[in-house]
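# Chains, contacts and geometry: an overview
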Amino acid sequence: MVIAAVGQLCSTANVSHNLQQCQLLVKKAVAAGAKALFLPEASDYIASSPAETVALARSVKDSEFVKGLQHEAQSAKLPINVGIHECAEGGEKVRNTLIWIDEKGSIVQRYQKIHLFDVDIKGGPVLKESRVERGNSILPPFETAVGRVGLSICFDLRFPEISLALKRQNCQLVTYPSAFTVPTGQAHWEVLLRARAIETQAYVVAAAQVGAHNEKRMSYGHSMIVSPWGEILAELGGAGREAEIATANIDVDMLDKVRREMPLLRRTDIYPEI
Ligand SMILES: O=C(O)CNC(=O)[C@H](CS)NC(=O)CCC(=O)C(=O)O
């Protein structure tokens, strides 16, 4: 068994403060004996307008935030999965990207969010990722100290096709770093995460942004680790908390047992294989 840590924070437009918060989460994860730390979507910053989001974007190699976390991963010998922005070609748009930094501080995986959040709920959140460039591929799962990891981001959670595709490629742990809105979080967050875990028979690790990022924007929090049986193994709270982590044991033997005892054999003669 091996310990995974999920970290929660409230990122603002102050990138160096966000980095300090993440560095604190690394220290907490090391103290808890974790072998990987999962951080939320947009950990580098959450801006107050699309123009500011674009203005703050850097390339991965020029980002003080990313370089700071690479250094942290290397000195703590702790792999870090973290959601960031990076500037897209042309400078008009950003990418919503998820990177895996290994224990040597190298970026070894980079996934770009494929479903963009473009929502206008009456009396509720209006958020548009119109300045975000859509990703175009699902990456194959890769080996880590906490199992074979498959990457996806936030709104991707609503599309089970991704996690099913990752499961078919033998994924054991799916990530959903997020910045869910409060109303959609209250209505859907836990149900979606547990459903993805149950139907893929994999661990689900969902690090979440929490609290008020600026005057206009607030995130739901409730970072979670869910077992392949759908149990919530660890959960953090909503607004009002400082940067914190929760941990859970990742037990690949238990995962194998769930898959062995209840094989989910698909009828791909009836519906298409994903
Ligand atoms: O804005 C940034 O800088 C980073 N990106 C985000 O926070 C994204 C786009 S606004 N948030 C979501 O996808 C929330 C999804 C959600 O809340 C739901 O599916 O219900």
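It should be noted that the structure appears before, not after, this text.
As a starting point, this report considers the structure included with it. (Residues numbered from 1 in each chain as written. Predicted model: local features only at pLDDT ≥ 70, side-chain atom pairs only at ≥ 80, totals over all residues. Heavy atoms only, no water.)

### What about the overall build of the chain?
Of the regular secondary structure elements, the chain holds six helices and 17 strands. Computed over the C-alpha atoms, the radius of gyration of the chain is 17 Å, within 12% of the 19 Å expected from 2.2 N^0.38 for a compact globule of 274 residues. Overall size of the chain, expressed as C-alpha extent along the three principal axes, is 50 × 45 × 35 Å. Residues classed as buried in the chain amount to 54% of the 274 residues present. Long-range contacts, defined here as pairs at least 24 residues apart, represent 68% of the contacts in the chain between residues at least 6 apart. Split by element, the accessible area of the chain, about 12,300 Å² in all, is 52% carbon and sulfur. Here the chain carries 30 positive and 31 negative side-chain charges, and the mean point of each set is 1 Å from the other. (Helix = DSSP H or I, 4+ residues; strand = E, 2+ residues; numbered from the N terminus. Rg over C-alpha atoms; globule rule 2.2 N^0.38 Å. Buried < 20%, exposed > 50% of the residue type's maximum accessible area, 1.4 Å probe, protein only. Contact = heavy atoms within 4.5 Å. Areas by Shrake-Rupley, 256 points an atom, 1.4 Å probe, with all protein chains shown as cover. Lys, Arg positive; Asp, Glu negative; His and termini not counted. Charge placed at Lys NZ, Arg CZ, Asp CG, Glu CD.)

### Considerations on the side chain of S163
Summarising the element assignment, S163 is placed in helix α4 (residues 160–168). Note on S163: relative accessible area 1%, which makes it buried. One polar contact links the side chain of S163 to the main-chain carbonyl oxygen of P160, over a distance of 3.1 Å. Ignoring sequence-local partners within four residues, the contact set of S163 consists of Y176, R196, E199 and T200. (Polar contact = N/O pair within 3.5 Å; in protein donor to acceptor, adjacent residues only side chain to side chain.)

### Comments concerning the packing of aromatic side chains
Applying the stated criterion across every chain yields a total of five aromatic pairs. Ring geometry for F38 and W100: centres 5.7 Å apart, planes at 65°, overall edge-to-face. In this pair, F38 is assigned in strand β2 (residues 36–38) and W100 in strand β4 (residues 94–101), connecting sequence segments 62 residues apart. Accessibility classification places F38 together with W100 in one group, the buried group. Aromatic pair W100 and F142: ring centres 5.3 Å apart, planes at 75°, arrangement edge-to-face. Residue W100 is located in strand β4, and its partner F142 is located in strand β9 (residues 142–144); the two are separated by 42 residues in the primary sequence. No difference in accessibility class separates W100 from F142, as the two residues are buried. One aromatic cluster is present, formed by F38, W100 and F142 through successive ring pairs. (Phe/Tyr/Trp six-rings, centres within 6.5 Å; stacked < 30°, edge-to-face > 60°.)

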